[in-house]
Amino acid sequence: MAQYIDFSLLDVQTLQYKNRTIAASFLYLTILLRLEIHTAEEVAANFRAHSQFILSPTPFNEYFSGFLNDSFGFPLADILPTVQYCSIFVVLPLNW
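Residues numbered from 1 in each chain as written. Predicted model: local features only at pLDDT ≥ 70, side-chain atom pairs only at ≥ 80, totals over all residues. Heavy atoms only, no water.

Colleague: Could you clarify how one ought to interpret the environment of Gly73 in this entry?
Modeller: Within the secondary structure, Gly73 is located in the loop between helix H5 (59-71) and helix H6 (80-86). Look at Gly73 and you get exposed, because its relative accessible area is 55%. Discounting chain neighbours no more than four positions away, the residues touching Gly73 are Arg20 and Leu68. (Helix = DSSP H or I, 4+ residues; strand = E, 2+ residues; numbered from the N terminus. Buried < 20%, exposed > 50% of the residue type's maximum accessible area, 1.4 Å probe, protein only. Contact = heavy atoms within 4.5 Å.)

In structure tokens form, the structure reads like this:
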């Protein structure tokens, strides 16, 4: 997750988003990818243009929404624009 944040900080457009929403968005995307709910290619190609992936009442979204509300104090719908922005970075190579 930290490498995704590092990648995003190299892009000047990241400055329009709050640090908390960037962290929450990359956490959402990292867990989504590690659980293999979607592939990185699917996320990069589809999440930016379609909000139904994030707003649909899937078990993962419901679980993460509860976690997000308890830990960060805002609902999943509030980070939708940030998740859509952050989704473009998930295809970049990481060093685990």
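Still more to cover.
Colleague: Could you clarify how one ought to interpret the nonpolar core in this entry?
Modeller: Most often, soluble globular proteins have nonpolar side chains that are buried together. Tyr28, Leu29, Phe47 and Leu68 are the most contacted members of the largest nonpolar core, which totals 27 residues. Of all the secondary structure elements, the ones that give two or more residues to this core are helix H2 (19-34), helix H3 (40-47), H5 and H6. In this structure, Phe47 is in contact with Tyr28, Leu29, Leu32, His38, Glu42, Phe53, Ile54, Val83, Gln84 and Ser87, ignoring residues within four places of it in sequence. (Core = buried A, V, L, I, M, F, W, Y, C linked by side-chain atoms within 4.5 Å.)

Colleague: Is there a simple way to think about the side chain of Ser87 in this case?
Modeller: Along the chain, the position of Ser87 falls in the segment after H6. Sequence-distant contacts of Ser87, that is, excluding residues within four places in its chain, are made with Leu29, Val43, Ala44, Phe47 and Arg48.

Colleague: Looking at this structure, how should I read the packing of aromatic side chains?
Modeller: Working definition: an aromatic ring pair is given by the centre-to-centre distance plus the angle between the planes. Tallied over the full model, the rule gives 11 aromatic pairs. Pairing Tyr28 with Phe60 gives two aromatic rings, centres 5.4 Å apart and planes at 45°, and the pair type is tilted. Of the two residues, Tyr28 is situated in helix H2 and Phe60 in helix H5; the sequence distance between them amounts to 32 residues. Classification of Tyr28 by relative accessible area gives buried; the value is 0%. Centroid distance Tyr85 to Phe89: 5.5 Å. Interplanar angle 75°. Geometry classified as edge-to-face. The buried category is assigned to Phe89, whose relative accessible area is 7%. (Phe/Tyr/Trp six-rings, centres within 6.5 Å; stacked < 30°, edge-to-face > 60°.)

By themselves, these observations are geometric and do not establish any function.
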